[in-house]
Amino acid sequence: MAEPGSPTKEDERPKFNLVQEIASSINDSNQVPERYIHKNGYQQASDSSAPWMDQLLIDLSLLSSSSSPAAAAELQKLRSALTSWGCFQVINHGMTRSFLNDVLQVCKEFFALPLADKQKCSGAADLFSGYGNDAVIAGNQILNWNDRLYLTLYPEDQSKLKYWPQKPKKFREIVREYGMKIKALPELLLKAMARSLDLEENCFLKQHKEQGLTARVNLYPRCGSPDRVLGVKPHSDGSTITILLQDNQVEGLQVLKDDQWFKVPFIPNALFVNAGDLTEVMSNGIFKSTVHRVVTNSSSERVSLAVFYSSNSDNEIGPANELVTADRPCSYKKVTMKNYGKLFIECYPRGQRTLNALKF
Ligand SMILES: O=C(O)CCC(=O)C(=O)O
Ligand SMILES: [Fe+2]
């Protein structure tokens, strides 16, 4: 989601319970509150994991290597993944499996703390900071079965330490380290994405004057009515690139392609990457911003850590000049992150895509 919108005052927003609290207080599926129920259920996903093992599995070490036939083939694979799916999984990113497991572990431990401890990081006065849930975006929307913790990783001087948990003890250290390690990845990918379109490699990167990295730690509690409740409703991200560390036990993420939903399998040591709305804008529609959702399940809770890469809030992002041609006229308006955030707050509760508001 990752939309740095204008903060809303706490008392102007409706109050809802945290999903984790609701989940632990009910033991019967009939008790799931109506505001979380999609009355007609939702379209089931295909089980096929074939594309993830081949066309959507990108080897980062090849992308960053210089011109060899294997590197050229990987670049072509990246282009094809982003034009047809808008997402892929990346391997050989330099982080060990045990480190990634440590990151997931501190995230799980945070959500397992007593409510009072978690509430010390409450982001009540700020829509995109701290502990809370998405129920506060207002409107008559069906709500997400999810609680989250938003943290700013970069720029560091905006990281607002009050939202960073002091428990579990290792949380800050490990999540910071993850931020430091992940920082180079979106830049590397943006360069490769430009090269894959035969553009100068800084073409996309240079639009991000001051880069921002925001983390969203997601918790999806067990849900007694998984066929009618979504962890996160279909959306595309308000980022340039999102990098997702998925739960290593429980799947739930699904992506939409050609009106069909596909499950995203957990691949050990891989990170899921999706293009966000700003990549679709910058590439003038060549790369797709993936629509995705998270389903719930009745047996296990699930944790994920999404890191959103975007620009600072006053900087304008627009279609790259090189990609606006007579055959491909400019299809998107330029937008600042600040204005994108405002549009998101209007569109998301109505089930509309923010990206459509940017189309000519
Ligand atoms: O939990 C996931 O797998 C995806 C979360 C997501 O889409 C988001 O935080 O924007
Ligand atoms: Fe998302």
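Below is a summary of the structure that appears in this document. (Residues numbered from 1 in each chain as written. Chains lettered and ligands numbered in written order. Predicted model: local features only at pLDDT ≥ 70, side-chain atom pairs only at ≥ 80, totals over all residues. Heavy atoms only, no water.)

Taken together, His235 (NE2), Asp237 (OD) and His292 (NE2) make up the full set of protein donors to the iron ion (ligand 2), lying 2.1 to 2.2 Å away. Here the donor residues for the iron ion (ligand 2) map to a single chain with the spacing H-x1-D-x54-H. A residue pair is termed long-range when its members are at least 10 positions apart, and Asp237 in the loop between β7 (230–235) and β8 (241–246) and His292 in strand β12 (residues 292–295) qualify at 55 residues. (Donors = N, O, S within 2.8 Å, 3.2 Å for Na, K, Ca; no water. Helix = DSSP H or I, 4+ residues; strand = E, 2+ residues; numbered from the N terminus.)

On to the sheet that holds strand β4 (residues 130–133). Within the open sheet, the eight strands sit side by side as β2-β3-β11-β8-β13-β6-β5-β4. Their pairing is mixed. Two strands bound the open sheet, and with one partner strand each, they are β2 (57–59) and β4. The mean inter-strand angle of the sheet, taken between neighbouring strand axes irrespective of direction, is 25°. Of the strand pairs in this sheet, β2 and strand β3 (residues 87–91) are connected by three bridges, and their pairing is parallel. Residue pairing in the sheet places Leu57 in a bridge with Gln89 of β3. (Pairing = 2+ DSSP bridges. Axes fitted to C-alpha atoms, helices over the stretch in contact; angles between N-to-C directions.)

Side-chain alternation along β12 places His292 and Val294 on one buried face and Arg293 and Val295 on a second face that is also buried. The pairing of β7 with β12 spans three bridges and is antiparallel. Bridging from a neighbouring strand, Leu230 pairs with Val295 of β12. (Buried < 20%, exposed > 50% of the residue type's maximum accessible area, 1.4 Å probe, protein only.)

With that settled, consider the side chain of Arg293. The topology assignment puts Arg293 in strand β12. Asp227 provides the closest opposite charge to the buried, salt-bridge-free Arg293, at an N-O distance of 9.7 Å. Within the local environment of Arg293, its side chain forms a polar contact with the backbone oxygen of Gln43, the two atoms lying 2.6 Å apart. When residues no more than four places from it in sequence are discounted, the contact partners of Arg293 are Tyr42, Gln43, Gln44, Ala45, Leu230, Val232, Lys233, Pro234, Gly252, Leu253, Gln254 and Trp261. (Lys, Arg positive; Asp, Glu negative; His and termini not counted. Salt bridge = Lys/Arg side-chain N within 4 Å of Asp/Glu carboxyl O. Polar contact = N/O pair within 3.5 Å; in protein donor to acceptor, adjacent residues only side chain to side chain. Contact = heavy atoms within 4.5 Å.)

Of note, Ala112 is situated in the loop between α5 (97–111) and α6 (115–119). For Ala112, a relative accessible area of 64% gives the class exposed. Sequence spacing of Ala112 and Tyr163 is 51 residues, and the spatial spacing of their C-alpha atoms is 17 Å.

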